[in-house]
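Architecture at a glance
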Amino acid sequence: MSKALFITGASSGIGAATARAAVAQGWHVGLFARSEGKLKALVDELGEQAVALPGDVTDLKNLEAAMADFAGRTGGIDAVFANAGMGLSVAGTDAGDPEEWERMIRVNVLGVLWTVKAAMPHLKQRAGHLLLTGSAAGRRHIEGSVYGASKWFVHGYGGNLSEEMKSFGSLSLNALNFARDWRYLRRYFVKLTI
Ligand SMILES: NC(=O)c1ccc[n+]([C@@H]2O[C@H](COP(=O)([O-])OP(=O)(O)OC[C@H]3O[C@@H](n4cnc5c(N)ncnc54)[C@H](OP(=O)(O)O)[C@@H]3O)[C@@H](O)[C@H]2O)c1
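Not measured: the values here are computed from a predicted model.

Some points on the overall build of the protein
When you go through the protein residue by residue, the secondary structure sums to six helices and six strands. Ordered by position from the N terminus, the helices and strands of the protein form the series β-α-β-α-β-α-β-α-β-α-β-α. Counting over 194 residues, the protein shows a buried share of 41%. Across the protein, every contact between residues at least 6 apart in sequence was considered, and the portion connecting residues at least 24 apart equals 61%.

Let's talk about the site of the ligand
The ligand sits among 23 residues. The nearest are G9, G13, R34, S35 and G85. Among the elements that take part in the shell around the ligand, helix α1 (residues 13–24) stands out by supplying three residues, more than any other. Considering only residue class, the shell around the ligand consists of eight nonpolar, 12 polar and three charged.

Considering the nonpolar core
Nonpolar side chains in soluble globular proteins generally cluster together in the buried interior. Within the largest apolar cluster, 43 residues are counted, with the highest numbers of intra-cluster contacts made by L5, I7, A19, V29, L31 and V80. By residue number, the principal contributor to this core is helix α4 (residues 98–126), which donates six residues. With residues up to four places along the chain from it excluded, the contact list for V29 reads L5, I7, A19, A22, V23, Q49 and A50.

A look at the environment of L132
Position of L132 relative to the elements: it lies in strand β5 (residues 129–133). For L132, a count of 24 C-beta atoms within 10 Å puts it in the buried group. In the structure, L132 is positioned 23 residues away from H155 in sequence and 8.5 Å away in space, judged by C-alpha atoms.

Remarks on the confidence of the model for the protein
Residues at a pLDDT of 70 or more form 86% of the protein, whose mean pLDDT is 87. This model gives residues 169–182 a pLDDT under 50, and the stretch forms 35 contacts once residues within four places in sequence are excluded. Low pLDDT (under 50) marks residues 186–194, which in the prediction has 12 contacts with non-local residues, meaning those over four places away or in another chain.

What to know about the pairing of strand β2 (residues 28–32)
Where burial is concerned, most of β2 is hidden: five out of the five residues are buried. Side chains H28, G30 and F32 project from β2 onto one buried face, and the interleaved V29 and L31 project onto a second face that is buried too. Here strand β1 (residues 4–8) pairs with β2 via five bridges, running parallel. Across the sheet, the residue bridging to I7 is L31, located in β2. As paired strands, β2 and strand β3 (residues 50–52) are joined by three bridges and run parallel to one another. In the sheet register, V29 faces β3, and the bridge partner there is A50.

Conventions used here
- Residues numbered from 1 in each chain as written.
- Predicted model: local features only at pLDDT ≥ 70, side-chain atom pairs only at ≥ 80, totals over all residues.
- Helix = DSSP H or I, 4+ residues; strand = E, 2+ residues; numbered from the N terminus.
- Buried ≥ 20, exposed ≤ 12 C-beta atoms within 10 Å, placed from the backbone.
- Contact = placed C-beta atoms within 7 Å.
- Near = placed C-beta within 6 Å.
- Nonpolar A, V, L, I, M, F, W, Y, C, P; charged D, E, K, R; others polar.
- Core = buried A, V, L, I, M, F, W, Y, C linked by C-beta atoms within 7 Å.
- pLDDT = per-residue confidence, 0-100.
- Pairing = 2+ DSSP bridges.

In structure tokens:
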């Protein structure tokens, strides 16, 4: 039986490319992002293994409803990829825009927390896997970078979460670094495909 992967930020970039790679390995994919038109175009490309689940990661209820919908269609969720994120139009703290920081923190920090919170009940049922998109910017200090600080959260939380998830048995967590994620993701999906 093929496995089911729920992806946030699936309408473009890393999320869409991951959906293509996963479908090529036989996975069913639930595509979550705000741009419904882009998700539908990706479903048209990927076929019946993909489903568009439009929503916003800053809304926990959107995520809970989308995961319940996806689990209902597939019989359960084996992996969740918390990937949605945004950068900033102006770098640094002195020049940066506090309103843009707030929007970014809602997506890059709270969006990850809401995704993991919504995913837990599903992953526990399947001894499932959780992946987070981190960044090289979350592993080193970059002058005044508020975006980088949001990714330090992802890496720090990922480490804490992997400790929490040990108690569930065979759950695991991978905090990805963009610089190596393509090689890693390919191996990951090959390894997990039944
Ligand atoms: N590209 C890089 O060099 C790089 C490097 C390191 C880390 N990253 C990280 O990689 C992840 C993916 O980025 P990308 O490079 O693939 O950029 P991207 O093409 O801009 O993708 C971002 C995705 O996040 C979604 N998104 C943004 N806000 C959202 C919200 N409120 N609710 C739901 N979905 C939302 C976007 O979809 P909608 O707009 O349709 O909602 C889009 O699908 C991000 O976490 C980013 O920080 C990227």
